[in-house]
Amino acid sequence: MDFSLHLVAAFDLTTLPQQLVNGLLNGAIYALIALGYTMVYGVLKLINFAHGEVFMLGAYGALFVSWYLGYRPDGASPPASYLTLILMLLGSMLVCTVAAFFIERFAYRPMRSQPRIASLITAIGLSLLLQYSAQIFLLNGTPQTIQAGKLSPFVGNVTLNLRGPDQAKLDEAEKLKPSMTAAAAAFKARLPLEKGEFDLSPEGKKLQEEMRVAERKYNEAVNAGTAHAVKIAIPKGQVVLFVTTIFLMAMLTYLVMFTKQGRAMRAVSHDFNAASLMGINIDNVIVFTFLLGSALAGAGAMMYCTFIPGTKIDAFTGLTPGVKAFTAAVLGGIGNIPGAVLGGLVMGVAEYVVVWAGYDSYRDAIAFVILIIVLLFHPGGLLGSSKVEKV
Amino acid sequence: MKPSIKTLAFTLVSSIVLGAALTGCNGGSSSDPGKTTPPADDSGPKTTSTRPAPPKDGPMAEGDTIKIGTVCSVTGDNKPWGEDSYQGSLLAVEEFNAAGGLNGKKVELILGDSASKPDQAKTATEKLMSQGVIALIGEVSSGNTIQMAKSAFPQGIPVVAVGATRTDLGNEGTHVFRVCYSDDFQGPVMAKFAYDLKGCRNVAVMTDTSLPYSQGLSASFIATFEKLGGKVKEHKYTSVGGTNNYSGQLTEVKSENPDGMFLSGYFTEVGPIVNQARAAGITVPVMGGDGWDSDQILASGGDAIVGGYFCNHYNNADKRPQVTDFLNKWHAKHGGKDPGTTMGALGYDAMALTLDALKRAKSVGAKGILDALEDTVDYKGVSGDITLRGMNGNPEKRAIVVEITKKDAAGNWQKFAKDFIPADLK
Amino acid sequence: MFWGVRFSSIVLAVLGCFAIQMLAKGGAPYFQTLIVLAGVYVTLAVSLNLINGITGQFSIGHAAFYMIGAYSSGVLTNNYFKSAHMPELAWLVLMMIAGACFAAIAGFVVGLPSLRLKGDYLAIVTMGFGEIVIIIVRNQKALGESYGMTVGTKIPSIFLTSLLAVTCIALCRNLIKNVHGLSFLAVREDEVASSAMGVNVTRVKVTAFVIGSALAGAAGAVYGHSLGFFSPTNFTMDISFVILTMVVLGGSGSITGATVAAIVLFYIPEWLRDLKIIPMSGFIGAIIATIAVVAIVKRTMDGHQARPTKTAIILGSIVGGIALTIALRFALKGLPGLEGTIDGNKLRSVVLAAVLVILMLLRPQGVFAHHEFSWNWLKKLFGKKPAVVA
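Predicted, not measured: the structure shown is a model, and the values here were computed from it. (Residues numbered from 1 in each chain as written. Chains lettered and ligands numbered in written order. Predicted model: local features only at pLDDT ≥ 70, side-chain atom pairs only at ≥ 80, totals over all residues.)

Draft legend 1. Up close: the overall build of chain A. Along the backbone of chain A there are 15 helices and four strands. Overall, chain A is about 90 × 50 × 35 Å in size when its C-alpha atoms are taken along their principal axes. Sequence separation of 24 or more characterises 79% of the internal contacts of chain A that already satisfy a separation of 6 or more. (Helix = DSSP H or I, 4+ residues; strand = E, 2+ residues; numbered from the N terminus. Contact = placed C-beta atoms within 7 Å.)

Next comes the structure, spelled out in structure tokens:
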């Protein structure tokens, strides 16, 4: 590997602002899912490996709602509306809540008095069970997509111009435009006489070549003009996702810190038995937390699959987001709500800095590298209480 | 008595020594079936003409049905492709049996699931062989196929690969055949198309690092494109273990101002990539391989993917009787739907070719089928004309490049652009 | 006396492995592969048991060390086997040692810093390490990228595979019988107390981790040379999970438990290859019914109300399960996607996962719990039973 080449690429600062913003938006997804993870862990002290699969079910829920409302890949569909998005969100959250209710009832509750590793294996088993069942029973495992282009009113980008292009060079390029359009017109006029675009007579070929040379010249000139422009394009949908994440973080923090239910949750998290002796209905608190965490996964699933255009929905959709969100939650300090968001954002930005530096094949490894490094120096995670195990 | 690390070490060493001595007395385990030493070909991915022949003739068909096995990834990451391959093979068998089978003897297709993992492909293959199959169809990925080939080699059972594109696959032995293109055909076809016909000179390639198909296709595309004089910059992403958010890679692509993009992955990732690329303002033509062939790409790529080009075996508008026949049968069986992926046609071809060989075979057994397969000349398959005689198991087929259009009333969404035959690349 | 017993048990073990090889030789290749894979899984489960069960450290990235063993020995064989002029079996032994060394080094590098972390934090670090290794391999041309690596010389040896498994079991068994091993157990039970008793906790943890990794590396070498080809998909996170499940289902800390669970869990998906076409609604009904019945039984058993007799529970759950299955079979028949039939082959993974959940619910402490298989334990188990029923 030619390291010097990468160094040069690494100093291409024009794309850095865009990549940092991309990273933040990317991290918001992880943060959103990590919120659910961290809530469940905080109370149950269980790494809920099935969280990713609940996420996957939520994605399917959103997909089915969108289909029911008529947004299918083929054929006409109703115009985009905010109501659709809200219905999809509700559908997805409902599916996740119902799934979580059954999971808690039949799998986790019987395991509560057992060693934690046993609950963990149950969670892993459930995760595999849901994955493989989904592959057989949900649309035969064919990857599907939500028609975000048709149903989302959040279209296009918000663009910020940080540094404009070199106007002099652009003007120069503009002078090349007439010759290019002329060549293109000449070729276009010729095309009907030919057998096909890819089956040209020698004259046609010559005209095509002229057109291409002119195009290349023009493009080169334009590129030279825009080479130093720095702008940031932010997809509107992802802005919604980002804002939602921050909003939910604030709401959850309020819930946990300043309400009665939150106090009960903290009490249960602190000491199961003592909380129960104080008259807290542990079952209710756990079910509430678990359903809330899963509903968050549903919200995350719907937004992820809608605002990242073209995202595939299949049985393994929840696997990677689940693992990464888990990593983010641990990175931020598991059980800590602002920590989960911070962890997600740090991971998202780190991934994009790696891509920017030219090591895009290691993009998915960097999260774990950062995690390991952070845990070595601060074993409780970024915002977690740092209880070092004394060795 | 205080056993210590020393005793442990003694235990370990003495047992190994004793064991080696014991097996040494037995003259080694050289009579182990399943032990092969395929030529370790370091000279590059070229298929050697001296492929080893299986050590013995395979089994004859026994019982009142002729058993043929297929190993498919019907679960796991490759399920959409494995499932289609299985359905294609099943279709061919049903058709064969409906036409009377081989002199009234029916063919039974036995499925073995590989769960998209090579070691399970091995156990599935061996399980099928223990059930008395005389030919094996399989696998959509090269890794799993190579494991099948290794297991079938000592038994002399022919393996007809469905979607294994690795060029060095044939090195496993004379019993390996395939019906798909190999990497050293499809990549150059698209490189030539991009350079000569689309006039691209500076292409951004996006490779899926978790997909051997994508890595192989990208490598051969890049090699040819650079030889032609173009400039390539490769970007990487991961489909297994990554998310569908490609804005980082696409920002880099945009800053490089390419005049074309080559996406060698499967349609499941290509759709989102193109969708996001157009949203990010990248307007250049996009191109890819036969992994794009699924109408799901229209669902995930939306309007963005329209106008993209990819290399395919046939398109729905193809009026060859094999194609219309196959599509009619598929539609009848699957409620009017097209095959979900290109593996439907390839799975059908692999099976139909094997059944054709069975008809031509001098004896109803593995050896007969193997020889008949090797002797295939100009078999008219759905995915093109297949000739295997003297080809080391790699058919020379026609490739067509198609353009993606909006779906019309008849469900067609691929417009023929250009065809290539192997001679075009020389 | 000691050396007499020791020596004869070694001889017996080696002869036993030799007998397995002789037995397997006559069998079909399928049978031979199953034995090799079973040996590999036993080694993996028992070695993870040393880390997870015996020392109480929570590692869920065992496949990484397995992978390192496979790839490092594969590279060595491809490069040096031809020039080494060694008999194949001796070379395989050498490769096992080499794979073990590489994995041990990796285990040391990962283990030393991260064993400061406890519980779930250690778990995620090991999981992350597994992912990192896979991603690195996928991007290395020399290692075959995501396609995988062909080992130029296949050396399938049932003898050495089973010997490795037996050695692994013997090593772990002997380890916990001597003073070093007792300190492992002490660390599991209480770190602070054992540290007060003069046990060097860090050293014990790292030793366990390194030995466990080394054994996994040796298993990887055997695996690679037996199959002749492997790819990163053979070492993914779910393989780690399966190994972990073997340990927990067998009963954390029980070597025999891990061994039995490894063989059983590995064999379930293979056994399910015989499953033929079945109705879809019946299948899903059976799974739902089983889980429901298990959950109900579980709650009755744990509840404080009057407990029905064991016979009543067993009979009730069987009858109830079958009734529920049949009811669901017809109730679900109308649902879209469930009206057809399905090839049993596609259900292998689903059934394995369902078995995991059900076994875990039924017996969370694992089949063998902390016990080892021994005649005394068996006697106690069966001797007690009539008393309960009566």
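Draft legend 2. Just the overall build of chain C, in detail. Assigned secondary structure in chain C consists of 15 helices and four strands. Its C-alpha atoms give chain C a radius of gyration of 23 Å, near enough to 21 Å, the size a compact globule of 390 residues would have. Each principal axis of the C-alpha atoms in chain C carries an extent, and together these give about 65 × 55 × 45 Å. With 390 residues in all, chain C has 55% of them scored as buried. Put simply, 84% of the contacts in chain C that link residues at least 6 apart link residues at least 24 apart. (Rg over C-alpha atoms; globule rule 2.2 N^0.38 Å. Buried ≥ 20, exposed ≤ 12 C-beta atoms within 10 Å, placed from the backbone.)

Draft legend 3. Fine view of the interface of chain C and chain A. Of the residues lining the interface, 39 residues belong to chain C; the matching set on chain A comes to 36 residues. For the side of chain C that touches chain A, the elements supplying multiple residues, two or more each, are helix 4 (88-114), helix 5 (119-138), helix 9 (201-227), helix 10 (237-250), helix 12 (280-302) and helix 14 (348-362) of chain C.

Draft legend 4. Inspection of the confidence of the model for chain A at higher detail. On average, residues of chain A carry a pLDDT of 85, and 95% of them reach 70 or more. For chain A, the element scoring lowest by mean pLDDT is helix 1 (residues 3-10) of chain A, at 50; helix 3 (residues 51-68) of chain A scores highest, at 92. (pLDDT = per-residue confidence, 0-100.)

Draft legend 5. Just helix 2 (residues 16-44) of chain A, in detail. Residue and element names in this part refer to chain A. Look at helix 2: 41 Å from first C-alpha to last across 29 residues, which is about the 42 Å you get at 1.5 Å a residue. In the structure, helix 2 departs most strongly from a straight axis at Ala-34, where the bend amounts to approximately 25°. Counting buried residues in helix 2 gives 25 out of 29 residues, a clear majority hidden from the surface. Just downstream of helix 2, Lys-45 is the residue with a positive phi angle, here 55°. (Expected span 1.5 Å × (residues − 1). Bend = angle between axes of the 7 residues up to and from the residue.)

Draft legend 6. Region of interest: helix 6 (residues 158-177) of chain C. Its 20 residues give helix 6 of chain C an end-to-end C-alpha distance of 28 Å, which sits within 8% of 28 Å, the value for a rise of 1.5 Å per residue. Taking burial as the measure, the 20 residues of helix 6 of chain C include 15 buried ones, the bulk of the element.

Draft legend 7. The nonpolar core, seen in detail. Among the nonpolar cores identified, the biggest contains 368 residues, and Leu-35 of chain A together with Ala-45 and Met-246 of chain C are the most heavily contacted of them. Element by element, the count of residues in this core is highest for helix 2 of chain A, at 16 residues. When near neighbours in sequence (up to four residues on either side) are disregarded, Leu-35 of chain A contacts Leu-248, Met-249, Leu-252, Leu-296, Ile-337, Ala-340 and Val-341 of chain A. Among the nonpolar cores identified, the runner-up in size contains eight residues, and Ala-183, Phe-187, Met-211 and Tyr-218 of chain A belong to it. (Core = buried A, V, L, I, M, F, W, Y, C linked by C-beta atoms within 7 Å.)

Draft legend 8. Spotlight on the sheet that holds strand 8 (residues 260-263) of chain B. All names here are of chain B. Pairing is mixed across the open sheet formed by seven strands, whose spatial order is 7-6-8-9-10-13-14. Of all the strands in the sheet, the pair left with one neighbour each is strand 7 (231-237) and strand 14 (414-420). Within this sheet the neighbouring strands show an average axis-to-axis angle of 25°, counted without direction. In this sheet, strand 7 lies alongside strand 6 (residues 202-208) in parallel orientation, the contact comprising seven bridges. (Pairing = 2+ DSSP bridges. Axes fitted to C-alpha atoms, helices over the stretch in contact; angles between N-to-C directions.)

Draft legend 9. Structural view of the sheet that holds strand 2 (residues 106-113) of chain B. Residues and elements named next belong to chain B. Ordered by their spatial adjacency, five strands build an open sheet running 2-1-3-4-5, and the pairing between neighbours is parallel. Every other strand in the sheet has two partners, leaving strand 2 and strand 5 (176-178) as the edge strands with one partner each. Going across the sheet, the axis of each strand differs from the next one's by a mean of 25°, ignoring polarity. Along the sheet face, helix 3 (residues 118-130) touches strand 1 (65-72), strand 2 and strand 3 (136-138) and points at about 150° away from the line of strand 2.

Draft legend 10. Up close: the pairing of strand 2 (residues 157-163) of chain A. All names here are of chain A. For strand 2, the tally of buried residues reaches only zero of seven residues, placing the bulk of the element at the surface. Relative to strand 3 (residues 230-235), strand 2 runs antiparallel, the two being bridged by six bridges. By the bridge assignment, Leu-160 is partnered in strand 3 with Ile-232.

Draft legend 11. Broad picture of unusual backbone geometry. Residue and element names in this part refer to chain B. Backbone geometry at Glu-139 places phi at a positive 70°, although glycine is not the residue there. For Glu-139, the position within the fold is in the loop between strand 3 and helix 4 (142-152). Of note in the backbone geometry, Asp-378 takes a positive phi value of approximately 55° without being a glycine. By the secondary structure assignment, Asp-378 is in the loop between helix 12 (366-374) and strand 11 (379-381). Among the residues examined, Asp-378 registers 10 C-beta atoms within 10 Å and is labelled exposed.

Draft legend 12. Just the packing of helix 13 (residues 319-332) of chain A against helix 5 of chain C, in detail. Their axes nearest at 11 Å, the elements helix 13 of chain A and helix 5 of chain C cross at an angle of 130°. In terms of orientation, helix 13 of chain A lies oblique with respect to helix 5 of chain C. Every pair of crossing elements has a handedness; the one defined by helix 13 of chain A and helix 5 of chain C is left-handed. Each of Phe-326, Thr-327 and Val-330 of chain A in helix 13 of chain A lies in contact with helix 5 of chain C, whose residues at this interface are Tyr-121, Ile-124 and Gly-128 of chain C. For the contact of helix 13 of chain A with helix 5 of chain C, the residue count by class is four nonpolar, two polar and no charged. (Parallel < 35°, antiparallel > 145°, perpendicular 65-115°, else oblique. Left-handed = near helix turned anticlockwise from the far one by under 90°. Nonpolar A, V, L, I, M, F, W, Y, C, P; charged D, E, K, R; others polar.)

Draft legend 13. Layout of the packing of helix 7 (residues 179-189) of chain C against helix 9 of chain C. Residue and element names in this part refer to chain C. Running from N to C, helix 7 and helix 9 point in directions that differ by 105°, and their axes come no closer than 10 Å. It follows that helix 7 is roughly perpendicular to helix 9 by the angle criterion. Facing Ser-183, Phe-184 and Val-187 of helix 7, the residues of helix 9 in contact are Val-201, Val-204, Lys-205 and Ala-208. Considering only residue class, the contact of helix 7 with helix 9 consists of five nonpolar, one polar and one charged.

Draft legend 14. Geometry of the environment of Lys-380 of chain B. Residue and element names in this part refer to chain B. Along the chain, the position of Lys-380 falls in strand 11. Linking Lys-380 and Ala-352, residues 28 residues apart in sequence, is a C-alpha distance of 9.9 Å. If we ignore the near neighbours within four places in the chain, the residues touching Lys-380 are Gln-322 and Asp-385.

Draft legend 15. Up close: the environment of Ser-201 of chain A. You can see Ser-201 of chain A is positioned in the loop between helix 7 (167-190) and helix 8 (202-226). Taking the C-alpha atoms as reference, Ser-201 of chain A lies 10.0 Å from Leu-191 of chain A; in sequence the two are 10 residues apart.

Draft legend 16. Focus on the pairing of strand 2 of chain B. Residue and element names in this part refer to chain B. The buried fraction of strand 2 amounts to six of the eight residues, a majority that puts the element mostly inside the structure. For strand 1 and strand 2, the ladder comprises eight bridges, and the chain directions are parallel. Counterpart to Gly-69 in the pairing with strand 2 is Ile-110. In this fold, the crossover linking strand 1 to strand 2 by way of helix 2 (residues 79-98) has right-handed handedness. (Right-handed = clockwise from strand over helix to strand, strands pointing away.)

Draft legend 17. Region of interest: the confidence of the model for chain C. Taken residue by residue, chain C gives an average pLDDT of 83. The fraction at 70 or more is 91%. This prediction of the complex comes with two scores: 0.88 for pTM and 0.88 for ipTM.

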